[in-house]
Amino acid sequence: MSTTDLFGAFVETLASHLDDHDVDGGDLAARMYLSRSHLDRVVAATAGETPGRFRRRVLLERAAFRLCTTRTAVLDIAVEAGYSSHEAFTRAFSRAYGSAPSVWRSAPTRIQLDTPSGVHFHPPGGLRLPAREKVTAMDLLTRMVEHHVWLVGEMVDRAASLDSGVLDEPIALSVEGVDDDPTLRSLLSRLIGQMHMWNEVIAQRGYDWSVELQEPVASMAGRLETQGDIFRTHLRDVIADGRLDETFIDAHCNPPEVFTYGGLIAHVLTFAAHRRTLVVGALASAGVHDLGYGDPRKWVAEPV
């Protein structure tokens, strides 16, 4: 078995025994039919960490995830991570993350700790080796199409239980839970604000929602020039590096949530498509017809 395969087997074995704190390096080696010294050499050479340090780092990453996504007591998280006391966990966590668990919980940052191996705790549970093939923009596009086909099928399935009166009733605009009392101004401001907000989330900053209250069009234009460029550049870099499945924290949710960049793109495009359609209709009602229906077919087909 190659060194790469041995390391993959170690990660898989460790993942299946992550909560068994009585299992030590010797036990893991025995389960892989290796000597302890051989396993230590393979892991250290491949990951740049000893098996013990590797395990402690992963457990700290999982503890950080628990801290920022649950209200579980710090002591319970410490015990889950294999620490016998609150104090020992606090010392280890502070060395790794730069602040005590309770302080970090109030302003969480990146979960992943630096490591040469690229193997991290992957929410909601488990470990993940770096992908041998990067996730591409085509993969994301395929998943979005698959989601579209699946969701339409689910909608048809639900509609099968409705009678003809409901099926044939004219639809009034329903935006409950998306936008309250939408206007042309508020929708345009939210389209820009959506990008601005995610730029702030990625930078671990809060977003000032008050900027969207009766925002002047000149202000929208200025924000779009700045925030649109930041958003586009950041996601172009993520796509170019194949990091669409990389996770990041939105610390301003309550409780904080963990997202992937691919999920962020799908989210933004889905809700933006709804809002853009409403804006195009409102502009048409105001006598502005040169944007048509906002259909991206020709724009996408044009050379970059």
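The notes below deal with the structure included here. Bear in mind the structure is a predicted one, so any value in this text is a computation, not a measurement. Along each chain, the written sequence defines residue order, and numbers are assigned to residues from 1. This being a predicted model, a pLDDT of at least 70 is required before a residue's local features are given, and a value of 80 or more before pairs of side-chain atoms are given or counted; all residues contribute to the totals for chains, interfaces and linings. Side-chain metrics rest on all non-hydrogen atoms present in the structure, leaving aside hydrogens and water.

Here the focus is unusual backbone geometry. Even without a glycine there, the phi angle at tyrosine 33 is positive, about 60°. Considering the arrangement of structural elements, one finds tyrosine 33 in the loop between helix H2 (25–31) and helix H3 (36–47). In this description a helix means any DSSP run of H or I spanning at least four residues, a strand means any run of E spanning at least two, and both kinds are numbered starting from the N terminus.

On a regular strand, each side chain points to the face opposite its neighbour's, so the side chains alternate between the two faces of the sheet. The cut-offs for exposure are 20% and 50% of the maximum accessible area for each residue type, with area from a 1.4 Å probe on protein chains only; residues under the lower value are buried, those over the upper are exposed, and the others partly exposed. Of the two faces of strand S3 (residues 247–250), the one lined by Thr247 and Ile249 and the one lined by Phe248 and Asp250 are each fully buried. The criterion for strand pairing is that DSSP finds at least two bridges linking the strands in question. Pairing analysis gives four bridges linking S3 to strand S4 (residues 257–260), with the strands arranged antiparallel. Paired with isoleucine 249 across the strands is valine 258, a residue of S4.

This part covers the packing of helix H11 (residues 217–240) against helix H12 (residues 261–285). Angles shown run from 0 to 180 degrees and are taken between the N-to-C directions of axes, each axis being a line fitted to C-alpha atoms and, for helices, limited to the stretch in contact. Following both chains from N to C, one finds H11 and H12 inclined at 135°, their axes separated by 11 Å at the closest point. When the axis of H11 is compared with that of H12, the two are oblique. The hand of the H11/H12 crossing is left-handed. Residues Phe231, His234, Leu235, Val238 and Ile239 of H11 lie in contact with H12, whose contacting residues are Tyr261, Leu264, Ile265 and Val268. Lys, Arg, Asp and Glu make up the charged group, whereas Ala, Val, Leu, Ile, Met, Phe, Trp, Tyr, Cys and Pro make up the nonpolar group; the residues left over, Gly among them, are polar. In terms of residue class, the contact of H11 with H12 is made up of eight nonpolar, one polar and no charged. Roughly parallel means an angle under 35 degrees; roughly antiparallel means over 145; roughly perpendicular covers 65 to 115; every other angle is labelled oblique. Left-handed describes a crossing whose near helix is turned anticlockwise from the far helix by less than a right angle; the clockwise case is right-handed. In what follows, residue pairs with any heavy atoms lying within 4.5 Å of each other are defined as contacts.

With that settled, consider the side chain of glutamate 200. Following the sequence through the fold, glutamate 200 ends up in helix H10 (residues 184–202). Given a relative accessible area of 11%, glutamate 200 falls into the buried group. Setting aside chain neighbours within four positions, we find glutamate 200 in contact with Arg205, Gly206 and Tyr207.

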